[in-house]
Amino acid sequence: MEVRLTVIGSSPAWPNPGSAQSGYLVEGPGKLLLDCGPGVLARLREERVMPDAICITHWHLDHSGDLIPWAWLNAYSPEAGKTRPELWLPPGSAKELETFASFWGVPRMWERAFELREYAPGEPFEAAGFTIEAIQLPHYAMQAFGFRVRDHERGRVLAYSGDSAPTDELAALARGADLFVCEATLADGTTDGELRGHLTAEEALEAADGRILLTHRPVELPSPDGVAVAYDGFVTDV
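Residues numbered from 1 in each chain as written. Predicted model: local features only at pLDDT ≥ 70, side-chain atom pairs only at ≥ 80, totals over all residues. Heavy atoms only, no water.

*Asks:* Just checking my understanding: could you explain the overall build of the chain for this structure?
*Replies:* Scanning the chain for helices and strands turns up seven helices and 14 strands. Over its C-alpha trace the chain gives a radius of gyration of 17 Å, about what one expects of a compact globule, namely 18 Å for 238 residues. The principal-axis extents of the C-alpha atoms in the chain amount to approximately 45 × 40 × 35 Å. Of all 238 residues assigned to the chain, the portion counted as buried reaches 53%. When contacts within the chain are restricted to residue pairs at least 6 apart in sequence, those whose partners lie at least 24 apart make up 59%. Side chains of the chain give 19 positive and 36 negative charges; the mean places of these two sets differ by 8 Å. (Helix = DSSP H or I, 4+ residues; strand = E, 2+ residues; numbered from the N terminus. Rg over C-alpha atoms; globule rule 2.2 N^0.38 Å. Buried < 20%, exposed > 50% of the residue type's maximum accessible area, 1.4 Å probe, protein only. Contact = heavy atoms within 4.5 Å. Lys, Arg positive; Asp, Glu negative; His and termini not counted. Charge placed at Lys NZ, Arg CZ, Asp CG, Glu CD.)

And the structure:
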């Protein structure tokens, strides 16, 4: 089997009609889910696909919100305990998990649902049979990362931006990748905050070093001619 990408959810921070938010399933040696925004868990259950590992780029809810219902699924549903995927989180996430549990959960809700892990910037780690490197990227004032996902056996590399402002690190993330999945939220960079957090399609293309798939894009915005744009259910080999 080739390394295959299935877009589970492709919406920006506000959902496109009928679309889930960020979630990208990479299948090769195992099943790896990159981000887990609202609507992603329902789509995975519909397809009867459960990943071996989940990696979260940052804590904005459109990239992580379905972790909360996932914890309830693993604690109380008839499927409780059948799956307990690894959950790879940004550095220092223990405090974030405690805060979420205090709002919406119970003690140890996360440990019951997931094998909890934290990655470190620039230090490769293994998940679902892939080697992954997290590269820190600017996203407003918060901690955020992109991922390089490598399947050594097949020699394929997928790069995923998460959310990012324009930066040289984005080009480093994409360099040499067989597919670069990159957010392109904005029509015009001047509409972003004073501290940038997102990209235009043109800025995403400038960072690319080969094949690119634009995502996280509002349906109201056109895209450059000849450039692939993700939608829920999009499938491609890497």
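Having seen the model, we can carry on.
*Asks:* Would you mind showing me how to read the sheet that holds strand β4 (residues 53-55) here?
*Replies:* One open sheet accounts for seven strands, arranged β6-β5-β4-β3-β2-β1-β14; its pairing is mixed. Strands at the two margins of the open sheet, each flanked by one partner only, are β6 (115-118) and β14 (235-237). Each strand axis lies, on average, 20 degrees off the axis of its neighbour in the sheet, ignoring direction. (Pairing = 2+ DSSP bridges. Axes fitted to C-alpha atoms, helices over the stretch in contact; angles between N-to-C directions.)

*Asks:* Just to check I follow, could you spell out the pattern of salt bridges for this structure?
*Replies:* Applying the stated criterion across every chain, the model contains eight salt bridges. A salt bridge links Glu115 to Arg84; the shortest N-O distance between them is 2.4 Å. Taken together, the residues Glu115 in strand β6 and Arg84 in the loop between α3 (67-76) and β5 (86-89) connect sequence positions 31 residues apart. Note on Glu115: relative accessible area 29%, which makes it partly exposed. The class for Arg84 is partly exposed, based on a relative accessible area of 38%. Linking Asp192 and Arg196 is a salt bridge whose minimum nitrogen-to-oxygen distance equals 3.2 Å. Classification of Asp192 as buried rests on a relative accessible area of 11%. In this structure, a network of salt bridges that share partners links the residues Arg84, Glu115 and Arg117. (Salt bridge = Lys/Arg side-chain N within 4 Å of Asp/Glu carboxyl O.)

*Asks:* Is there a simple way to explain unusual backbone geometry in this structure?
*Replies:* Trans is the common state for peptide bonds, and a negative phi is the common state for residues other than glycine. With a phi angle near 65 degrees, Asp35 is a residue other than glycine that sits in the positive phi range. Note on placement: Asp35 falls in the loop between β3 (31-34) and α1 (40-47). Among the residues examined, Asp35 registers a relative accessible area of 0% and is labelled buried.

*Asks:* How should the packing of aromatic side chains be read in this particular structure?
*Replies:* Aromatic ring pairs: the centre-centre distance and the angle between the two ring planes describe each pair. Applying the stated criterion to the full structure yields 11 aromatic pairs. Between Tyr24 and Tyr160, the aromatic rings sit 5.0 Å apart at their centres with planes inclined by 50 degrees, giving tilted as the arrangement. One end of the pair, Tyr24, is in strand β2 (residues 23-27); the other, Tyr160, is in strand β10 (residues 156-160), and 136 residues separate them in sequence. Each member of the pair, Tyr24 as well as Tyr160, is classed as buried. Aromatic side chains Tyr119 and Phe147 sit 5.4 Å apart centroid to centroid with 85 degrees between the ring planes, which places their arrangement in the edge-to-face category. Taken as a pair, Tyr119 in the loop between β6 and β7 (125-127) and Phe147 in strand β9 (residues 145-151) lie far apart in primary sequence, 28 residues in all. For the pair formed by Tyr119 and Phe147, the shared burial category is buried. Taken together, Trp59, Trp70, Phe100, Trp110 and Phe114 form an aromatic cluster joined through their ring pairs. (Phe/Tyr/Trp six-rings, centres within 6.5 Å; stacked < 30°, edge-to-face > 60°.)

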